[in-house]
Amino acid sequence: MNNVLFEPLTLKDRVIKNRFVAQPMEGNDADKGGAPSERAISRYRELGKGEWGLVIVEATSVVATSLARVNGMILNRKNLDAFKHLLDAYKTANPGGCLLFQLTHSGEQSGAFADKTSLAVEKPAHRYLSTSEIADIRDAFVTAALLAAEAGADGIDFKMCHGYLGAEILRPNNVRADEWGGCFENRTRLLREVVTELKARLPQGFILGSRLSMYEGIRGGCGTAGAGEIVEDLSEMLNVIRLMDELGMDYVNVSAGIPALTGAITRPTEPSKYLALHHLRYTKTVRELIVNEQRHLKVVGSAYSSHRAKSLAVMEEMLTKGYTDLCGFGRQIFADPLMPKKLSAGEPVNWCVLCSACSRLMASQHNDGCAVYNDFYKQELKTLT
Ligand SMILES: Cc1cc2nc3c(=O)[nH]c(=O)nc-3n(C[C@H](O)[C@H](O)[C@H](O)COP(=O)(O)O)c2cc1C
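Starting from 1, residues in each chain are numbered consecutively following that chain's sequence as written. Local features in a predicted model are, by the rule used here, given only for residues with pLDDT of at least 70; side-chain atom pairs are given and counted only at 80 or more, and totals for whole chains, interfaces and linings are based on all residues. Hydrogens and water are ignored here; the side-chain numbers use all heavy atoms of the structure.

### Quick look at the domain arrangement of the chain
Moving on, step 1. Annotation comment: domain bounds sourced from an automatic or database domain assignment. Along its sequence, the chain is carved into domain 1 (3-350) and domain 2 (355-385).
Moving on, step 2. Once you take the C-alpha centre of each, domain 1 and domain 2 turn out to be 23 Å apart.
Moving on, step 3. Listed as interface residues are 17 residues of domain 1 and, on the opposing side, 13 residues of domain 2.
Moving on, step 4. Throughout, the accessible surface (probe 1.4 Å) given up by two parts as they are put together, summed over both, is called the buried area. Here domain 1 meets domain 2 over a buried area of about 1,200 Å², counting both sides, of which 51% is carbon and sulfur.
Moving on, step 5. When the buried area of domain 1 at its contact with domain 2 is split by residue, N28, R39 and F334 rank highest and sum to 36% of it.
Moving on, step 6. What makes a salt bridge here is a side-chain nitrogen of Lys or Arg within 4 Å of a carboxyl oxygen of Asp or Glu, nothing more. Our enumeration of links across domain 1 and domain 2 arrives at zero salt bridges. Only heavy atoms matter for contacts: two residues are in contact if any of them lie within 4.5 Å across the pair.

In structure tokens form, the structure reads like this:
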């Protein structure tokens, strides 16, 4: 197996054992109240056994009210012991491993069963958030990150991608007239204020990163030059990355699209597989900026499962040419949570076939996972009409 994939990397003061990242993947299987269930905990135990260099726990809500999945995880004090249990299971399986929690507020992507809010522009089926409610959400992100540290997590991934609230607020079409909208400074206020407070209150070694959609594929979305623009223009998103670096964050997780609206961009399938090439371009562009401007942020790329068995060759090329630091796999972690360990032992891997069954299960609010290699999800899939 090629060494470059297994070369260690320093992230903050941690040594990441290899370049494989288990991207956040919602399983929609928390217990009532949002605590990680035994099923969820065993998913992270398996990822520990799989020896992924970095594991980012699935989207975990900072509030109990705005969930996209009916069984989504919620990080609050009531659920802290269950999150500690998850960490324990992971660290026992992989003592040197590095595990982050992805923190989110689902905003306009919240389910019909939840408080469906809007922030950037008023929408008929959504409740428009007031100025002070957004300040409360900022505080909820800080509180959840402090709880993540208390639980023993190595850091957090601030979810500012995929159309959730963190992305809504960044968009050029966020034309709110208050301090949370309009100019770039206001649209990045949430990121700035949360990170500044966390830097002051968290231990030095705690890792802070964020996942961004470089281009969302909607008018006025992230990756466009203005509220009325649909054409991709990365200038402003590159300024977000400069800001992250200046705030002293540690990595940027480069993604794209909005699964609910432009899902083929986020997670290409067989007919749309060439969209995965855009992810490689975004990652290279971001990494070049960081190198050319002598910045320190590390770069994680996305959508590697889309290349199926060729993903290792793509990964090798991206790493060898210096176009990324780390390579993130989403659906592949469901197909084979043991992948890196198997590769280093020369064992065969179960490759994701891009069938979209996990996405279909998730979209229909079932527990979701791999319906090709895992009998439980095969059965779940049969119950879909
Ligand atoms: C079932 C499912 C759940 C997902 N959950 C999350 C999530 O919690 N947070 C996130 O940022 N992305 C999530 N994603 C997106 C993946 O992390 C990843 O970006 C996407 O699947 C493309 O990468 P891949 O080609 O390696 O699968 C999810 C995708 C799927 C299919």
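Anyway, onward from the coordinates.
### Concerning the site of the ligand
Moving on, step 1. Near the ligand there are 24 residues, and of these Q102, R211, S305, G330 and R331 occur at the shortest range.
Moving on, step 2. R331 is positioned with one of its side-chain polar atoms (N or O) 2.7 Å from an oxygen atom of the ligand.
Moving on, step 3. Note on areas: Shrake-Rupley, 1.4 Å probe, and residue coverage restricted to the protein chains presented here. Out of a free accessible area of 620 Å², the ligand has 98% covered by protein chains.
Moving on, step 4. Put simply, DSSP H or I for four residues or longer makes a helix, DSSP E for two residues or longer makes a strand, and each gets a number counted from the N terminus. Contributions of two or more residues to the shell around the ligand are made by β4 (54-61) and α13 (357-363).
Moving on, step 5. With three residues, the top contributor of residues to the shell around the ligand is α13.
Moving on, step 6. In this classification, the charged set is Asp, Glu, Lys and Arg, the nonpolar set is Ala, Val, Leu, Ile, Met, Phe, Trp, Tyr, Cys and Pro, and all remaining amino acids, among them Gly, are polar. Its residues placed into classes, the shell around the ligand shows nine nonpolar, eight polar and seven charged.
Moving on, step 7. Shared between two domains, the shell around the ligand holds at least three residues of each, these being domain 1 (3-350) and domain 2 (355-385). In this text, near means that some heavy atom of the residue lies within 4 Å of the molecule or strand in question. Under this definition, polar contacts are N or O atom pairs within 3.5 Å; protein pairs additionally need one hydrogen-donor-capable and one acceptor-capable atom, and for neighbouring residues in sequence, both atoms have to be side-chain atoms.

### Some points on the pairing of β4
Moving on, step 1. Only protein chains enter the area calculation, which uses a 1.4 Å probe; residues under 20% of their type maximum are buried, those over 50% are exposed, and those in between are partly exposed. Most of β4 sits out of view: eight of its eight residues are buried.
Moving on, step 2. Here two bridges tie strand β3 (residues 20-22) to β4, and the two strands are oriented parallel to one another. Pairing of V21 across the sheet is with L54, part of β4.
Moving on, step 3. Strand pairing requires that DSSP identify at least two bridges connecting the strands. As judged from the two bridges shared by β4 and strand β5 (residues 73-74), these two strands associate in the parallel manner. Counted as the bridge partner of T60 is M73 from β5.

### Here's the deal with the packing of aromatic side chains
Moving on, step 1. Two rings belonging to Phe, Tyr or Trp (six-membered ring only in the last case) form a pair when the distance between their centres is within 6.5 Å. Interplanar angles under 30 degrees mark stacking, angles over 60 mark edge-to-face geometry, and anything in between is tilted. Applying the stated criterion across every chain yields a total of eight aromatic pairs.
Moving on, step 2. Judged by centre distance (5.4 Å) and plane angle (55°), the rings of F83 and F101 are tilted. In this pair, F83 is assigned in helix α2 (residues 80-93) and F101 in strand β6 (residues 98-104), connecting sequence segments 18 residues apart. Across the pair, exposure class does not vary: F83 and F101 are buried alike.
Moving on, step 3. Here the aromatic residues F6, F20, W52, Y304 and F329 are joined through ring pairs into a cluster of three or more.
Moving on, step 4. Here, a charge over a ring means that NZ of Lys or CZ of Arg falls within 6 Å of the ring centre while also lying within 35 degrees of the ring normal. Its guanidinium or amino end placed over the ring of Y164, K159 lies 4.0 Å from that ring's centre, counting from NZ or CZ.
Moving on, step 5. One cation-aromatic arrangement involves K284 over Y323; the distance from NZ or CZ to the ring centre is 5.0 Å.

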